[in-house]
Amino acid sequence: MTQRIDSHHHFWRPARGDYAWLRADVPALAPLVRDFLPEHLAPLLQAHGVQQTVLVQAADSEAETDFMLELATANDVVGGVVGWVDLSSPDAVASIERMARHPRFKGVRPMLQDLRDDDWIAHMPRPDAVQALVRLGLRFDALAQPRHLSSLIHFLKEWPQLPVVIDHAAKPPLGARDSEAFAIWRKHMNALAALPQVCCKFSGLWGESPSSTHGDVDAAVAVVLPVWEQFLESFGPARLMWGSDWPVLTLVGDYAGWIAVSQACIGGLSATEQAQVWRGTAQRFYDLSTD
């Protein structure tokens, strides 16, 4: 069985009150308004050869990050945690230093897509907070959409020492390969790939696909494959990592289905290159223990 690292998934307990976006009155989100915890994911990991995971924040709350670190302590399969810190806050450095005392804290994600200011990343993070990330050997997950990419590129050029991964390939316009929007996304992705500190996650793309692909692996492959080919060309397998985006994934398909969609793309690579995307890039980028 192929050995994998899931570089992007979530756990949550809505009763904690952290997740303002998880609204039961929004029909598209209602299926997610329940507990998704280690015991729910464990059988899927075992069934698909996933040896380690990276648990990623889903709320703009330091309390949620502490919750995730508690789960990581109790569940060895969680090799790393990407948490949340307000990088514009005067308290950001103290928060980063506190969290970094936990050996599985690997970095931060400021949820750019949910901020009102599309250019926030270019001017709001405090230099001392970003310096703390670099000093402590931490990483930056960019949850961005195409409209954020020009500002993100500006930020990354200012901080070439900061390792960055683009979540969900910046959510391109799937199913619109010949559109102007796709051309703009491709241009920005090439610019990001030109920065050596940047990697990209092959994750979350089924959820960005047209509704006609939901629950249909073959239809999903048809729209995901052009995007895969584009960022494979831009980044190469050594800078791409696979992730599930579970449980958000469950809105459009299941874990086995996303494995199948991914295999249809990744399977065209050599064995060595496949191993990089399935596990090697994530292991190296997040400095995951091999014990």
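Predicted, not measured: the structure shown is a model, and the values here were computed from it.

Draft legend 1. How the structure looks around the overall build of the protein. Regarding its fold elements, the protein presents ten helices and eight strands. Principal axes of the C-alpha set define a box for the protein whose edges measure 50 × 45 × 40 Å. Sequence separation of at least 24 residues holds for 78% of the intrachain contacts in the protein that already meet a minimum separation of 6. Charged side chains of the protein number 24 positive and 34 negative; the gap between the two group centres comes to 3 Å.

Draft legend 2. Molecular detail of helix H10 (residues 271-285). Over its 15 residues, H10 extends 20 Å from the first C-alpha to the last, a length consistent with the 21 Å expected when each residue adds 1.5 Å. If you look at H10, its biggest bend is around 55 degrees, right at Val 277. Those residues of H10 that fall on the buried side of the exposure criterion are Gln 274, Val 277, Trp 278, Gly 280, Thr 281, Ala 282 and Phe 285. Just downstream of H10 lies Asp 287, where phi reads positive at about 50 degrees.

Draft legend 3. View of the sheet that holds strand S8 (residues 240-242). Read across the sheet, eight strands follow the order S1-S2-S3-S4-S5-S6-S7-S8 without closing on themselves; strand pairing throughout is parallel. Either end of the sheet is taken by a strand with one partner, and the two such strands are strand S1 (4-9) and S8. Taken pair by pair, the neighbouring strands of this sheet meet at an average axis angle of 25 degrees, ignoring direction.

Draft legend 4. How the structure looks around the environment of Pro 38. Checked against the element boundaries, Pro 38 lands in helix H1 (residues 38-47). Sequence spacing of Pro 38 and Phe 11 is 27 residues, and the spatial spacing of their C-alpha atoms is 7.1 Å. Contact partners of Pro 38, with chain neighbours within four places excluded, come to Phe 11, Leu 71 and Asn 75.

Draft legend 5. Representation of the packing of aromatic side chains in the model. All chains considered together, the criterion is met by 14 aromatic pairs. Aromatic pair Trp 228 and Phe 231: ring centres 5.8 Å apart, planes at 80 degrees, arrangement edge-to-face. Of the two residues, Trp 228 and Phe 231 are both situated in helix H8 (residues 217-235); the distance of three residues between them amounts to about one turn of the helix. Looking at Trp 228, the relative accessible area reads 2%, which means it is buried. When its relative accessible area of 0% is taken as the criterion, Phe 231 is described as buried. Ring pairing ties together the aromatic residues Phe 11, Trp 12, Tyr 19, Trp 21, Phe 36 and Trp 246, which thus form one cluster.

Draft legend 6. Up close: the pattern of salt bridges. Within this structure, the stated rule accounts for 13 salt bridges. Where Arg 23 meets Asp 25, a salt bridge forms, and the shortest distance between an N and an O atom there is 2.8 Å. On the basis of relative accessible area, Arg 23 is assigned to the partly exposed category, the value being 41%. The class for Asp 25 is exposed, based on a relative accessible area of 55%. A salt bridge links Arg 147 to Asp 118; the shortest N-O distance between them is 3.0 Å. Of this pair, Arg 147 sits in the loop between strand S5 (139-142) and helix H6 (149-158) while Asp 118 sits in the loop between strand S4 (105-108) and helix H4 (120-123); the two residues are 29 residues apart in sequence, bridging distant segments of the chain. Its relative accessible area of 40% is what places Arg 147 among the partly exposed residues. For Asp 118, a relative accessible area of 27% corresponds to the partly exposed category. Residues joined in a network through salt bridges with shared partners are Arg 109, Asp 141, Asp 167 and Lys 201.

Calculation criteria
Residues numbered from 1 in each chain as written. Predicted model: local features only at pLDDT ≥ 70, side-chain atom pairs only at ≥ 80, totals over all residues. Heavy atoms only, no water. Helix = DSSP H or I, 4+ residues; strand = E, 2+ residues; numbered from the N terminus. Contact = heavy atoms within 4.5 Å. Lys, Arg positive; Asp, Glu negative; His and termini not counted. Charge placed at Lys NZ, Arg CZ, Asp CG, Glu CD. Expected span 1.5 Å × (residues − 1). Bend = angle between axes of the 7 residues up to and from the residue. Buried < 20%, exposed > 50% of the residue type's maximum accessible area, 1.4 Å probe, protein only. Pairing = 2+ DSSP bridges. Axes fitted to C-alpha atoms, helices over the stretch in contact; angles between N-to-C directions. Phe/Tyr/Trp six-rings, centres within 6.5 Å; stacked < 30°, edge-to-face > 60°. Salt bridge = Lys/Arg side-chain N within 4 Å of Asp/Glu carboxyl O.

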